[in-house]
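The primary structure of each chain is shown beneath.
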Amino acid sequence: DAGITQSPRYKITETGRQVTLMCHQTWSHSYMFWYRQDLGHGLRLIYYSAAADITDKGEVPDGYVVSRSKTENFPLTLESATRSQTSVYFCASIQGTGTDTQYFGPGTRLTVL
Amino acid sequence: RKEVEQDPGPFNVPEGATVAFNCTYSNSASQSFFWYRQDCRKEPKLLMSVYSSGNEDGRFTAQLNRASQYISLLIRDSKLSDSATYLCVVLYNNNDMRFGAGTRLTVKP
């Protein structure tokens with residue numbers, strides 16, 4: 001019972017590099033989300049997806065790209081990493097409406113030097 | 001002004017104490033409300049949903065006041081294992097969830 005997994009768990013990269021964070025869920029949940037968590041800000045939604053090939057911007061989408069070719073995968077790409085993107089990134093999924101529980105992955109700690 | 005505001009704490013309480021956390025939200029169109037718990041360096045996990053009539057789950061009681069746009073969480077008989085950060089979460093629409101920055105609780109022996 002893997003649930004929702006993220007990889008890598010830790011990543012250090014340099015300014016300007018492209019980085020892709022992976023998210024995989026085994027429940028066939030329709031909705032998937034990417035959040036970032038920074039001290040003092042709580043979690044902020046970057047992008048979400050209602051189904052395969054359907055994605056939408058969240059609160060802080062600039063500098064990020066997502067895709068969802070398969071229901072179970074929702075990768076997040078930082079096209080040209082900046083120091084301000086140093087954060088903890090959480091992926092989450094939910095079966096249906098927002099009243100259902102969101103299940104979170106273990107997080108990826110990204111440091112941009 | 002942040003959309004969801006919480007007192008960051010930290011709250012340091014002895015075992016057995018009762019502690020209350022408050023949260024305010026700015027968007028009156030908010031649909032649903034939750035409390036999540038987050039342990040240090042771990043992912044958030046749903047603690048409980050918050051209903052208009054108020055609801056209880058064991059030692060935990062959640063209240064919602066839509067008129068004042070205010071949510072609360074009461075923990076009775078605190079345990080060491082309750083030490084965590086508690087996140088207030090508000091759902092707007094289409095799964096757009098807004099998180100508070102969290103209130104940190106430490107329960108001491």
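Going by the structure above, here's the rest.
The following paragraphs examine the structure supplied in this document.

The rules behind these values
- Counting of residues starts from 1 at the beginning of each chain's written sequence and follows it residue by residue.
- The order in which chains are written sets their letters, starting at A; the order in which ligands are written sets their numbers, starting at 1.
- Selection of residues for local features in this predicted model requires a pLDDT of at least 70, selection of side-chain atom pairs for listing and counting requires 80 or more, and totals for whole chains, interfaces and linings are taken over all residues.
- To obtain the side-chain values, all non-hydrogen atoms of the structure were used and water was disregarded.
- Residue contacts are defined here by distance: any two heavy atoms, one from each residue, within 4.5 Å place the two residues in contact.
- Once two parts are put together, the accessible area they lose, assessed with a 1.4 Å probe and summed over both, is termed the buried area.
- The rule for a salt bridge is simple: a side-chain nitrogen of Lys or Arg has to be within 4 Å of a carboxyl oxygen of Asp or Glu.
- We define a polar contact as two N or O atoms separated by no more than 3.5 Å, with the added condition that, inside protein, one atom must be a possible hydrogen donor and the other a possible acceptor, whereas residues neighbouring each other in sequence contribute only through side-chain atom pairs.
- We count a stretch as a helix when DSSP gives it H or I for four or more residues in a row; a strand needs E for two or more, and each element gets its number in order from the N terminus.
- Side-chain classes are defined by residue name, with Ala, Val, Leu, Ile, Met, Phe, Trp, Tyr, Cys and Pro counting as nonpolar, Asp, Glu, Lys and Arg as charged, and the others, Gly among them, as polar.
- Paired strands are those between which DSSP finds at least two bridges.
- Whenever a helix is involved, its axis is fitted only over the stretch in contact; in every case the axis is a line through C-alpha atoms, and angles between N-to-C directions fall within 0 to 180 degrees.
- Any two cysteine sulfur atoms lying within 2.5 Å of each other are counted as a disulfide.
- The rule is simple: take the accessible area with a 1.4 Å probe, protein chains only, and divide by the maximum for that residue type; under 20% is buried, over 50% is exposed, in between is partly exposed.

## Points about the interface of chain B and chain A
Then, in step 1: Tallying the contact residues gives 20 residues for chain B and 23 residues for chain A.
Then, in step 2: When chain B packs against chain A, close to 1700 Å² is buried across both sides, 52% of that on carbon and sulfur atoms.
Then, in step 3: When the buried area of chain B at its contact with chain A is split by residue, B:R41, B:N95 and B:F99 rank highest and sum to 34% of it.
Then, in step 4: Joining chain B to chain A, the criterion identifies one salt bridge.
Then, in step 5: Between B:R98 and A:E59 there is a salt bridge, and its shortest N-O distance comes to 3.9 Å.
Then, in step 6: Inspection of the region where chain B meets chain A yields two residue pairs in polar contact (both at pLDDT 80 or more).
Then, in step 7: Sorting the residues of the side of chain B that touches chain A by element identifies β4 (32-38), β5 (44-50), β9 (84-91) and β10 (97-99) of chain B as the ones contributing at least two each.
Then, in step 8: Broken down by element, the residue count for the side of chain B that touches chain A peaks at four residues, all from β4(B).
Then, in step 9: The residue makeup of the side of chain B that touches chain A, split by class, is nine nonpolar, five polar and six charged.

## Notes on the sheet that holds strand β8 (residues 76-78) of chain A
Residues and elements named next belong to chain A.
Then, in step 1: In spatial order, the strands read β1-β3-β8-β7; together these four strands make up an open sheet with antiparallel pairing. Every other strand in the sheet has two partners, leaving β1 (4-7) and β7 (64-66) as the edge strands with one partner each. Averaged over all adjacent pairs, the angle separating strand axes in this sheet is 20°, with direction ignored.
Then, in step 2: Taken together, the three bridges between strand β3 (residues 19-25) and β8 define a ladder with antiparallel strand orientation. Note on β8: the bridge partner recorded for V19 is L78.

## Description of the state of the cysteines
Then, in step 1: Scanning the model with the defined rule gives two disulfides over all chains in all.
Then, in step 2: Between the sulfur atoms of A:C23 and its disulfide partner A:C91 the distance amounts to 1.8 Å. Where A:C23 bonds to A:C91 through sulfur, the torsion about that S-S bond is close to -75°, and the disulfide is left-handed. Highlighted residues: A:C23 in strand β3 and A:C91 in strand β9 (residues 87-94), separated in sequence by 68 residues. Taken individually, A:C23 and A:C91 each receive the classification buried, so the pair is uniform in this respect.
Then, in step 3: Paired by a disulfide, B:C23 and B:C88 hold their sulfur atoms 2.0 Å apart. Handedness of the B:C23-B:C88 disulfide follows from its S-S torsion of about -75°: it is left-handed. Taken together, the residues span a long stretch of sequence, with B:C23 in strand β3 (residues 19-25) and B:C88 in strand β9 at a distance of 65 residues.
Then, in step 4: Here B:C88 falls in the buried class, since its relative accessible area comes to 0%.

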